Amino acid sequence: MITPTTSMRRALPRFAIALALGTLLAGCSSLLGGGGGDRDRSTIYAPDPRVEADPAWPRADWQLTLSPPTAARMIDSFRIAVRPTPSELQVYRSASWAKTPTDMLQDTVLRTMEDSGSIPAVARQGAGITADYKLVIDLRRFEADYNGNVLPSATIEANVKLIHNIDQTVVGSRTFLAAQPASSTEVAQVVDAFSVALQSISGEMVGWILESGNAHELTHDRRPPVSTAPRR
């Protein structure tokens, strides 16, 4: 049997503390990101929602471009944000988005408008089309929010402005909010809820864009002004 020396006895409490801390950290909630090893095991999620055209959507005879959406850096991240309490924002460990939230939202809105057949042309800004209107999106929230509940809700909030290109008039401005409860606290189910929330908010946006643009078309004359100069 080996008898511990004095130096060994002094080292034992420090070793026990370090071991306890290591065990505690290893058992922490999966909300927080870990060390470099977690990156190797990270799961990348790529929601691909498809929105069916609503028969009630009006048809437009004008064209639209989508400006690059804006968002705070913390919101527009590849990490999946979760809000366990109203004043605390964290990220899920070992999970990330394949695209940033602003890209996901713009892609869904653009594809929905293209597939709806309700507008002659719609494209991203810089695509080369001559557009009558442009869409400006400011993404305010894209997070799993517990909001005092047992299960989180995939929450997306964005302000949308439709701008008339000729005179830069703001035709309409509206804030959209979608909150879809997840079926469990597992990341995969939270991502499924985000897919549903994207479908919901994008469908609402497209209907509003078409209605707002058509309403503005009725209030102004698109024809070029008639010359009043006398004939010679």
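Quick caveat, the model's predicted, so the values are computed rather than measured. (Residues numbered from 1 in each chain as written. Predicted model: local features only at pLDDT ≥ 70, side-chain atom pairs only at ≥ 80, totals over all residues. Heavy atoms only, no water.)

1. Topic: helix H4 (residues 187-217)
Here comes step 1: Here H4 is 31 residues long and its end C-alpha atoms lie 45 Å apart, about the 45 Å a rise of 1.5 Å per residue gives.
Here comes step 2: Among the 31 residues in H4, 22 count as buried, and that is most of the element. (Helix = DSSP H or I, 4+ residues; strand = E, 2+ residues; numbered from the N terminus. Expected span 1.5 Å × (residues − 1). Buried < 20%, exposed > 50% of the residue type's maximum accessible area, 1.4 Å probe, protein only.)

2. Quick word on the nonpolar core
Here comes step 1: Counting 48 residues, the largest nonpolar core has Leu 64, Leu 105, Val 109, Met 113, Leu 135, Phe 142 and Ile 209 as its most contacted members.
Here comes step 2: Contributing elements (two or more residues each) for this core: strand E2 (63-66), strand E4 (79-85), strand E5 (88-97), helix H3 (101-116), strand E7 (133-145), strand E8 (153-164), strand E9 (169-181) and H4.
Here comes step 3: Broken down by element, the residue count for this core peaks at 13 residues, all from H4.
Here comes step 4: Apart from residues lying up to four places away in sequence, Leu 135 is in contact with Leu 64, Thr 65, Leu 66, Ser 67, Val 109, Val 160, Lys 161, Leu 162 and Ile 209. (Core = buried A, V, L, I, M, F, W, Y, C linked by side-chain atoms within 4.5 Å. Contact = heavy atoms within 4.5 Å.)

3. Overview of the pattern of salt bridges
Here comes step 1: Evaluated as defined, the whole model comprises nine salt bridges.
Here comes step 2: With its nearest N and O atoms 3.0 Å apart, the salt bridge here joins Asp 48 to Arg 50.
Here comes step 3: Owing to a relative accessible area of 43%, Asp 48 belongs among the partly exposed residues under this scheme. (Salt bridge = Lys/Arg side-chain N within 4 Å of Asp/Glu carboxyl O.)

4. Examining the confidence of the model for the protein chain
Here comes step 1: Here the protein chain averages 85 in pLDDT, and 78% of its residues register 70 or above.
Here comes step 2: With pLDDT under 50 throughout, residues 6-30 is counted as low confidence; its partners more than four residues away or in other chains account for six contacts.
Here comes step 3: Scored below 50 in pLDDT, residues 32-39 shows 10 contacts in the model against residues more than four places distant or in partner chains. (pLDDT = per-residue confidence, 0-100.)

5. Here's the deal with the packing of H3 against H4
Here comes step 1: Running from amino to carboxyl end, H3 crosses H4 at an angle of 55°, the nearest separation of the two axes being 9 Å. Viewed along their axes, H3 and H4 adopt a mutual orientation that is oblique. Handedness of the H3/H4 crossing: right-handed. Of the residues in H4, those touching H3 at Met 104, Leu 105, Thr 108, Val 109, Thr 112 and Met 113 are Leu 198, Ile 201, Ser 202, Met 205, Val 206, Ile 209 and Leu 210.
Here comes step 2: Tallied by class, residues from the contact of H3 with H4 come to 10 nonpolar, three polar and no charged. (Axes fitted to C-alpha atoms, helices over the stretch in contact; angles between N-to-C directions. Parallel < 35°, antiparallel > 145°, perpendicular 65-115°, else oblique. Left-handed = near helix turned anticlockwise from the far one by under 90°. Nonpolar A, V, L, I, M, F, W, Y, C, P; charged D, E, K, R; others polar.)

6. Description of unusual backbone geometry
Here comes step 1: If you check the backbone angles, Ser 94 has positive phi at about 60° while not being a glycine.
Here comes step 2: Following the sequence through the fold, Ser 94 ends up in strand E5.
Here comes step 3: On the basis of relative accessibility, which here comes to 23%, the residue Ser 94 falls in the partly exposed class.
Here comes step 4: Unusually for a residue other than glycine, Gln 168 sits at a positive phi of about 60°.
Here comes step 5: Position of Gln 168 relative to the elements: it lies in the loop between E8 and E9.

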